Amino acid sequence: MPTFFNNYFQTNDFIPHGHCYLWQTGLVWLHIISDAAIALAYYSIPFLLIYFISKRKDVPFNGVFLLFGAFIIACGTGHLMEIWTLWHPDYWIAGALKALTAIISIYTAFALIDLMPQALTLPSPSQLEAINRALSTEIVERKRIEKELRLAEEIAQNSSQAKSEFLANMSHELRTPLNGILGYTQILQRTESLSEKGRKGVGVIYQCGSHLLTLINDVLDLSKIEARKLELHPVDFFLPSFLDSVTEICRIRAEQKVIAFDVQLDPNLPTGIHGDEKRLRQVLINLLSNAIKFTNQGNVTFKVQVIEQELKTNEKTNYKIRFEVIDTGTGIIPEQAEKIFQPFEQVGNQKRQSEGTGLGLAISQKIVLLMGGQIQVQSELGKGSTFWFEAKFSESKDWAKVSRIVEQGTIIGYQGQRRTILIADDKWENRSVIVNLLEPVGFIVVEATHGQEGWEQAIAHKPDLIITDLVMPILDGFEFISRLRKSENFKDITVIASSASVFAADQYKSIDLGADAFLPKPVEAEALLEMLRQFLQLEWIFDGKVDAIKKIQQGDLDQKNEIISPADEILQQLLELIQDGDIQKVLELAEQLSASDEKLNIFAQHLSQLASNFQLKRLETFVGQYIN
């Protein structure tokens, strides 16, 4: 091996290559210039390849370019070696260089063979031109389609707006006669002596009218959803009272069908939450009503539980609450379960399908989606169904304070001596609403759990005003009101009846027995405070400033002078309507007066306010004082 390397660099045995050209000057320079030019050209190619690779790193065969560059450099070096051997006979080195060039060239050839199929797939210039033409055509077509879509969208929006306006107008037109139908059926049920057949007939009219009103409301809600105008309006509200009002409404329906109604509330539920009270009630009543409607025997269970709590930085807690309705009804098959959330889709037998619009679950699903959840269903035919959804609500610790915010500001007190309010209700959550609303503004609130206790508390505390529930144990609200009116000490005390009953007959009955007004549950703080202001002639204190609220009292001559009343014939017509108990007609006439003359606005507003609260006695006195 050492001998080989010694021979490798040994040049004594060879003569320079120039001797082959007989050292003819012209021939030597010809070879020198030619080999140098070829070497220079060869060396320039790799630099160009390296520049190309640096600029086009996306090319998939850069390795072949590098091999080709090495091959070119080897070839260029071989030509320089040809010049060197003219004077220096280093033929072993020249041969080794040629061998290296051969190896690189063979490796490059194999790499090219491997690369050839991939290179052949590259599009030719003509193909690229055809692709560009196709892309240009596609872009033009897409722009045309986008323009048509924009035009179609504008047409659809205009159509949707026109439909919404049409539905709103139709709703108003349909509600006007419906109010008359429903109002007069209630008056007939309350005031007229009807035969059994007549009573049933009037009941059918009322049920059909109520059903038609539900249809109108459902279609309007669906229209809002389609127009993407259905929005949530979250408020702070008292959760226990809210759940109680929902369950009481549905419990009545369950009792009518003689099925058990079980309510299971998580003890960890927050007291106050921030959410859309109206829409949440709509969803829960829809799910519970469906469960009751499709259950003939067994029971319906309503579960509300906290499944997740998250403490926020402002020391308030976010609650994830699960609402679940379980029934032992008819159940549905999986194919039907996929359709029930689509508009106008109904399942079950034909009789039950005729009882609804097929919109309730579709609307409820949209509302729950806005709340960030989704209604789920699990059902087995013949064994029952379970519907549930989960939604997040933030805790509200100041729900009572927020409820006292009116147009003039936050009510923090009232002028004059402290007043005592007696609240009789067997549900602690309902009493708690009143206590939390009234005690912070200076009222003394006395609680009673039933009518008998309310009677005893009334004797002991001599309250200025009494709020009583209608359905209570031992002594119910009707008997309590009757006893108060028969008593010499309490015959003139203001009594407000309050109930979650869906039956208007209960409201009229409480008024007939002597209640001055009716307060529906769940209690709306603004309505309650306004009733107290009227009946107790209060002047609220707002945020540290004394601001006298405009008062309209029946015997206030100064205020009477500020009110402009209509003509005597209209007053006489109003008085006759009030004596007939036609509240709906009174409200319509008040609206007509307000629209006809701005000077009658105050009179019309007070008329509407008294009529809306069924204050018939005060209505009669108020109108009577302006006659003649």
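The structure under discussion appears in the preceding block.
Residues numbered from 1 in each chain as written. Predicted model: local features only at pLDDT ≥ 70, side-chain atom pairs only at ≥ 80, totals over all residues. Heavy atoms only, no water.

## Topic: the overall build of the protein
Heads up, the rule is: Numbering of helices and strands runs from the N terminus; a helix is a DSSP stretch of H or I covering at least four residues, while a strand is a stretch of E covering at least two. A 1.4 Å probe rolled over the protein chains alone gives each residue an accessible area, and that area as a share of the maximum for its type sets the label: buried under 20%, exposed over 50%, partly exposed in between. We call two residues contacting when some pair of their heavy atoms lies within 4.5 Å. Computed with the Shrake-Rupley method and a 1.4 Å probe, the accessible areas treat only the protein chains shown as cover for residues.
A tally of regular secondary structure across the protein gives 22 helices and 16 strands. Every one of the 628 residues in the protein was classed for burial, and the buried ones make up 42%. Expressed as a percentage of contacts within the protein between residues at least 6 apart in sequence, the contacts between residues at least 24 apart total 70%. For the protein, the exposed area adds up to about 35,100 Å²; of that, 56% sits on carbon and sulfur atoms.

## Quick word on unusual backbone geometry
Non-glycine residue Val-258 carries a positive phi angle of around 55°. Here Val-258 is to be found in the loop between helix H7 (239–256) and strand S2 (260–265). The phi torsion at Ile-474 lies on the positive side, around 65°, for a residue other than glycine.

## A closer look at the sheet that holds strand S14 (residues 517–520)
Test applied: Note on pairing: DSSP must find at least two bridges between two strands before they are called paired. Each axis is a line fitted through C-alpha atoms, taken for helices only over the stretch in contact, and angles between the N-to-C directions span 0 to 180 degrees.
Strand order across the open sheet formed by five strands is S11-S10-S12-S13-S14, with parallel pairing between neighbours. Either end of the sheet is taken by a strand with one partner, and the two such strands are strand S11 (444–448) and S14. When the angles between neighbouring strand axes are averaged without regard to direction, this sheet yields 20°. For strand S12 (residues 465–469) and strand S13 (residues 494–499), the ladder comprises five bridges, and the chain directions are parallel. Within S13, the residue paired with Asp-469 across the bridge is Ser-498.

## Considerations on empty space enclosed by the protein
One way to see where empty space is left: roll a probe the size of a water molecule over the atoms. The test is simple: In this analysis, the protein atoms alone were mapped onto a 1 Å grid. Cavities are point sets where a 1.4 Å probe fits without being able to get out; pockets are open sets with protein on both sides within 12 Å along at least five of seven lines; lining residues have an atom within 4 Å of a point. Grid points are joined across faces, edges and corners, and a volume is the space filled by probe spheres set on the points.
For the structure on display, the rule yields three cavities of 30 Å³ or more. Its volume calculated, the largest cavity comes out at about 80 Å³. What lines the largest cavity is a set of 13 residues, among which Asp-425, Asn-430, Ser-498, Lys-521 and Val-523 lie closest to the centre. For the lining of the largest cavity, the elements supplying multiple residues, two or more each, are helix H13 (428–438) and S12. In this structure, the second largest cavity spans a volume of roughly 50 Å³. Along its surface, the second largest cavity is lined by Glu-308, Gln-309, Glu-310, Asn-318, Tyr-319, Lys-320 and Lys-392. Within the residue set of the lining of the second largest cavity, elements represented by two or more residues are strand S4 (299–311) and strand S5 (317–327).

## Observations concerning the pairing of strand S7 (residues 384–395)
For a regular strand, side-chain orientation follows a simple rule: the groups alternate between the two sheet faces. Most of S7 sits inside the fold, with 10 of its 12 residues counted as buried. Looking at chain direction, strand S3 (residues 272–275) and S7 are connected through two bridges and run antiparallel. Looking across to S7, one finds that Ile-273 is bridged to Glu-395. Two elements, S5 and S7, share nine bridges in a ladder whose sense is antiparallel.

## Section: helix H15 (residues 477–486)
Heads up, the condition is: Pairing of N or O atoms within 3.5 Å defines a polar contact, subject to two protein rules: one partner must be a possible hydrogen donor and the other a possible acceptor, and residues neighboring in sequence count only if both atoms are side-chain atoms.
Of all the 10 residues making up H15, seven are buried; the element is thus mostly covered by neighbouring parts of the structure. Every buried residue belonging to H15 is among Gly-477, Phe-478, Phe-480, Ile-481, Ser-482, Leu-484 and Arg-485, and all of these are buried. One side-chain oxygen at the N-terminal end of H15 lies 3.2 Å from the backbone nitrogen of Phe-478; it belongs to Asp-476.

## Quick look at the pattern of salt bridges
Here is the rule: When a carboxyl oxygen of Asp or Glu lies within 4 Å of a side-chain nitrogen of Lys or Arg, that pair is called a salt bridge.
Going through the model one piece at a time under the given rule, you end up with 16 salt bridges. Note that Glu-390 is salt-bridged to Lys-320, the shortest N-O span being 3.7 Å. Here Lys-320 lies in strand S5 and Glu-390 lies in strand S7, a separation of 70 residues in the sequence. Assessed through its relative accessible area of 23%, Lys-320 is described here as partly exposed. For Glu-380, the salt bridge goes to Lys-383, with nearest N and O atoms at 3.4 Å. Accessibility expressed as a relative area gives 44% for Glu-380, which makes it partly exposed. Each member of the salt-bridge network shares a partner with another, and the members are Lys-320, Arg-322, Glu-324 and Glu-390.

## Comments concerning the packing of helix H14 (residues 451–461) against H15
What describes two packed helices is the angle between their axes and the distance between those same axes. Our working rule: The cut-offs work like this: below 35 degrees is roughly parallel, past 145 is roughly antiparallel, 65 to 115 is roughly perpendicular, and the gaps in between are oblique. Crossings are sorted by hand: turned counterclockwise from the far helix by less than a right angle, the near helix makes the crossing left-handed, and turned clockwise it makes it right-handed. Note on residue classes: Ala, Val, Leu, Ile, Met, Phe, Trp, Tyr, Cys and Pro are nonpolar, Asp, Glu, Lys and Arg are charged, and everything else, Gly too, is polar.
Packing of H14 against H15 leaves a shortest axis separation of 9 Å and a crossing angle of 30°. Taken together, the axis directions place H14 and H15 in an arrangement best described as roughly parallel. Along this stretch, H14 crosses H15, giving a crossing that reads as right-handed. In contact with Gly-451, Gln-452, Gly-454 and Trp-455 of H14, H15 contributes Phe-480, Arg-483 and Leu-484. Looking at the contact of H14 with H15, its residues break down into three nonpolar, three polar and one charged.

## Notes on the pairing of S11
Rule in force here: By convention, a crossover is right-handed whenever its connection, traced from the first strand over the helix to the second and viewed with the strands pointing away, goes clockwise.
The sheet contact formed by strand S10 (residues 420–424) and S11 spans five bridges and is parallel. Along S11, the bridge assignment pairs Ile-423 with Glu-447. Traced from S10 through H13 to S11, the parallel crossover comes out right-handed.

## A few points about the nonpolar core
Note that soluble globular proteins tend to have their nonpolar side chains buried in a common cluster. What counts is decided by this rule: We define the nonpolar core as a collection of buried residues of types Ala, Val, Leu, Ile, Met, Phe, Trp, Tyr and Cys that are connected through side-chain atoms lying within 4.5 Å of one another.
Membership of the largest hydrophobic core comes to 41 residues, with the highest contact counts inside it found for Leu-280, Phe-302, Phe-323 and Phe-389. Within the residue set of this core, elements represented by two or more residues are H7, helix H8 (277–293), S4, S5, helix H11 (360–370) and S7. When residues of this core are assigned to their parent elements, the largest contribution, eight residues, is made by H8. Non-local contacts of Leu-280, meaning those with residues more than four positions away in its chain, are made with Phe-237, Phe-242, Phe-323, Met-371, Phe-389 and Phe-393. In this structure, Ile-411, Tyr-414, Val-433 and Ile-496 belong to the second largest nonpolar core, which totals 28 residues.

## Focus: the environment of Lys-486
Locating Lys-486 in the fold gives a position in helix H15. Linking Lys-486 and Gly-514, residues 28 residues apart in sequence, is a C-alpha distance of 9.7 Å.

## A few points about the side chain of Ser-364
Its place among the elements puts Ser-364 in helix H11. With sequence-adjacent residues up to four places away left out, Ser-364 is seen in contact with Val-283, Asn-286 and Ile-375.

## Describing the packing of aromatic side chains
How we decide: Note on ring pairs: Phe, Tyr and Trp rings are taken, using the six-membered ring of Trp, and paired if centres are within 6.5 Å. Classes follow the plane angle, with under 30 degrees stacked, over 60 edge-to-face and the rest tilted.
Scanning all chains against the criterion turns up 10 aromatic pairs. Note on Phe-323 and Phe-389: the rings are 5.1 Å apart at their centroids and 25° apart in plane angle, and the pair reads as stacked. Of the two residues, Phe-323 is situated in strand S5 and Phe-389 in strand S7; the sequence distance between them amounts to 66 residues. Classification of Phe-323 by relative accessible area gives buried; the value is 2%. Grouped by ring-pair contacts, the aromatic residues Phe-323, Phe-389 and Phe-393 constitute a single cluster.

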